[in-house]
Amino acid sequence: EEAAFSLNGRRVLLAEDNEVNMEITTELLQMNGVAVTQAWNGAEAVERFREAELFAFDAVLMDMQMPVMDGYSAAKTIRGSMHPEAKTMPIIAMTANAFSEDVSAALAAGMNGHIAKPIDLDILVMMLNKYVKKMDDDRPDKNEA
């Protein structure tokens, strides 16, 4: 219950091209009080991130295999963008490919962590808490922005 409470009011950009996975992940997040902005491919995720105001998102959950732009390219593009949070925004890979080389490739693309599909709610909550708390600790007071 404590983990679920700590996500209450958070905002996540969810990039996922599979309708069923999008629906399930969105529902899991919303059940934990998270507001979800959906992107259906990597290019759409990049666009939503670039257009976002400061502090609009607390994290990005990024599927790796998507049409138009895959998650690796999208993460690299976000990290290279001029958005003030480009270097600090937690980006977490979500993929059915959970081999060590897949985790390494996600980290090399600029992602902070990796979650294997199917998504385990406890792992997702733990991962979001870890990276969102770190980002909160590194951010100036949101009210001063």
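What this report covers is the structure whose coordinates are included nearby.

Here helix α3 (residues 42–51) crosses helix α4 (residues 71–79) at 20°, and the two axes come no closer than 8 Å. With respect to each other, α3 and α4 are oriented roughly parallel. In the crossing of α3 with α4, the sense of the turn from one axis to the other is right-handed. Contact residues: G42, V46, F49 and R50 in α3; A74, T77 and I78 in α4. Looking at the contact of α3 with α4 residue by residue, the classes come out as four nonpolar, two polar and one charged.

Attention shifts here to the pattern of salt bridges. Here the structure, examined in full by the defined rule, presents five salt bridges. Close ionic contact of R11 with D58 constitutes a salt bridge, the shortest N to O distance being 3.6 Å. In this pair, R11 is assigned in strand β1 (residues 11–15) and D58 in the loop between α3 and β3 (59–63), connecting sequence segments 47 residues apart. Note that K117 is salt-bridged to E16, the shortest N-O span being 2.7 Å. Taken together, the residues K117 in the loop between β5 (113–116) and α6 (121–138) and E16 in the loop between β1 and α2 (19–31) connect sequence positions 101 residues apart. The residues K117 and E16 share a single accessibility class, namely buried.

Parameters and conventions
Residues numbered from 1 in each chain as written. Predicted model: local features only at pLDDT ≥ 70, side-chain atom pairs only at ≥ 80, totals over all residues. Heavy atoms only, no water. Axes fitted to C-alpha atoms, helices over the stretch in contact; angles between N-to-C directions. Helix = DSSP H or I, 4+ residues; strand = E, 2+ residues; numbered from the N terminus. Parallel < 35°, antiparallel > 145°, perpendicular 65-115°, else oblique. Left-handed = near helix turned anticlockwise from the far one by under 90°. Contact = heavy atoms within 4.5 Å. Nonpolar A, V, L, I, M, F, W, Y, C, P; charged D, E, K, R; others polar. Salt bridge = Lys/Arg side-chain N within 4 Å of Asp/Glu carboxyl O. Buried < 20%, exposed > 50% of the residue type's maximum accessible area, 1.4 Å probe, protein only.

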